[in-house]
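Descriptive analysis of the structure
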Amino acid sequence: GEACAAPADPLFAVPGRLSHAVSGGCTKYANKPEGIWGPPPPPAGASQRPWQYLGVRLELASPLTMIPPSAMPRLQHRLSRRPRFRMWRHGLFVCEYTAAGEIQAEALVVVSPELEYMDVCVRGPPAHRTSLGGVLTELVRLCEQVDVALTCSLLDTASVMQHNEAEHTVARKLTHAPCPDVGSPVLPSTCVAECLSPSADRGTGLRIFISYASRDSADVFALLASACTARMHTVFEPINFVNPSKAEMRAEAAQADVLVAVLSPSYFESEWCCAEAEAAWNAGVTIIPVYNGDKHHYAPGQDVMSWRDMATEHSTQELRSAVYRGNVVRVVDTQNQTGAINDFFDKLEARYPGAPLPLPPFA
């Protein structure tokens, strides 16, 4: 927007001043600035994992109250000296760095225009994933310092990864145990801290092997790996091996609880993909076929169902039929990405009844 005259005091120093400036025609602070909380930098190489995301929603415990209008301005003032601090009418952005100057975490806090809830989200490179929880807990602790009772819910990871706060959806509420002395709910920061605790009882996730052709499905692998890890499942990472052999990949596939086959034009053309699927099939591992719906949903010559009967050098009809035995799940759908991921986990639970329910995305 157009430049605004610098006020005598920072806009965020006095509650309501920023909103008053926006109402007066200054558009600089009206919306989230360009480039803030957009898609993160792409992985530096094929061996690098995508960024990890965590998010919670602090929501009014009573519909008869509202988040004080001063809450966001005060929070903006408290965090204004943090690295890369940016603010706008309904939110703020900050960044944390390591001593070596590497990005450790980026954080976003937004309040709904109706003052009904605040979303607190953090993300960062996988190397610093354990630091994300500390940043999230700190921000939640600052946000909860208001004179109204707040509940705490987990945000669906896939919706946070859309980089559009208007699309955030709640996965489920965190459990609030009552305080014996006053009978009030535990503070949201306490709930988050308990989820982050290494001793927290989260259950045991599945060992998931994602079989995909890197030529055309690396983006689907990144999406599924992040979503599965966020739900406390263990995803096999080839980068943990130095130039893994085909035998090592077959062994890992055979030892998995579930093999997710990312179907694509290159999948059954790949000797490695066929070897992984065959190893899982022979070992009785549950196989769940998935595909990129944006690319291969009834597209001419790209129909995902056509590959089942398409002979290739490295696959047999029996193997292809085994991979297609379950319903093929669309996991990429830009029109409803959150629904696509939720459908995938519904199918996972249906095909593998021993799968634990989705749990807090903290580690």
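Details of the structure are given in the entry above.
Now for a quick tour of the structure. Small disclaimer: the values here were computed from a predicted structure and weren't measured.

Topic: the sheet that holds strand β12 (residues 329-332)
Strands sit in the order β9-β8-β10-β11-β12 across an open sheet of 5 strands; the sheet is parallel. Sheet topology places β9 (234-235) and β12 at the edges, where each strand pairs with a single neighbour. Judged from the 2 bridges that link them, strand β8 (residues 207-211) and β9 form a sheet pairing that is parallel. Across the sheet, residue Ile208 finds its bridge partner in β9, namely Val235.

Things to note about the sheet that holds strand β5 (residues 117-124)
Taken in spatial order, the 7 strands make up an open sheet running β2-β3-β4-β5-β1-β6-β7, and their pairing is antiparallel. Edge positions in the sheet fall to β2 (86-88) and β7 (170-173), since each has one partner strand and no second. Strand-to-strand twist in this sheet, taken as the mean axis angle between neighbours without regard to direction, amounts to 20°. In this sheet, β5 lies alongside strand β1 (residues 52-60) in antiparallel orientation, the contact comprising 8 bridges. Looking at β5, one finds that Arg57 is bridged to Asp119. The strands touched by helix α3 (residues 129-143) within the sheet are β1, β3 (91-97), β4 (103-111), β5 and β6 (150-155), with β5 carrying the most contacts at an inclination of about 160°.

Quick look at the pairing of β1
The buried fraction of β1 is high, at 8 of 9 residues. In terms of strand pairing, β1 meets β6 through 5 bridges, oriented antiparallel. Counterpart to Arg57 in the pairing with β6 is Ser153.

A short note on the pairing of strand β11 (residues 286-292)
Most of β11 sits inside the fold, with 7 of its 7 residues counted as buried. Because side chains alternate across β11, one face comprises the buried residues Thr286, Ile288, Val290 and Asn292, and the other comprises Ile287, Pro289 and Tyr291, equally buried. Pairing analysis gives 6 bridges linking strand β10 (residues 258-263) to β11, with the strands arranged parallel. Bridged to Ala261 within β11 is Pro289. Between β10 and its parallel partner β11, the chain crosses via helix α8 (residues 271-282), and the hand of that crossover is right-handed. Relative to β12, β11 is paired through 3 bridges, and the arrangement is parallel. From the neighbouring strand, Val290 faces β12, where its bridge partner is Val329.

Conventions we followed
Residues numbered from 1 in each chain as written. Predicted model: local features only at pLDDT ≥ 70, side-chain atom pairs only at ≥ 80, totals over all residues. Heavy atoms only, no water. Pairing = 2+ DSSP bridges. Helix = DSSP H or I, 4+ residues; strand = E, 2+ residues; numbered from the N terminus. Axes fitted to C-alpha atoms, helices over the stretch in contact; angles between N-to-C directions. Contact = heavy atoms within 4.5 Å. Buried < 20%, exposed > 50% of the residue type's maximum accessible area, 1.4 Å probe, protein only. Right-handed = clockwise from strand over helix to strand, strands pointing away.

Taken by themselves, the reported measurements are silent on function.
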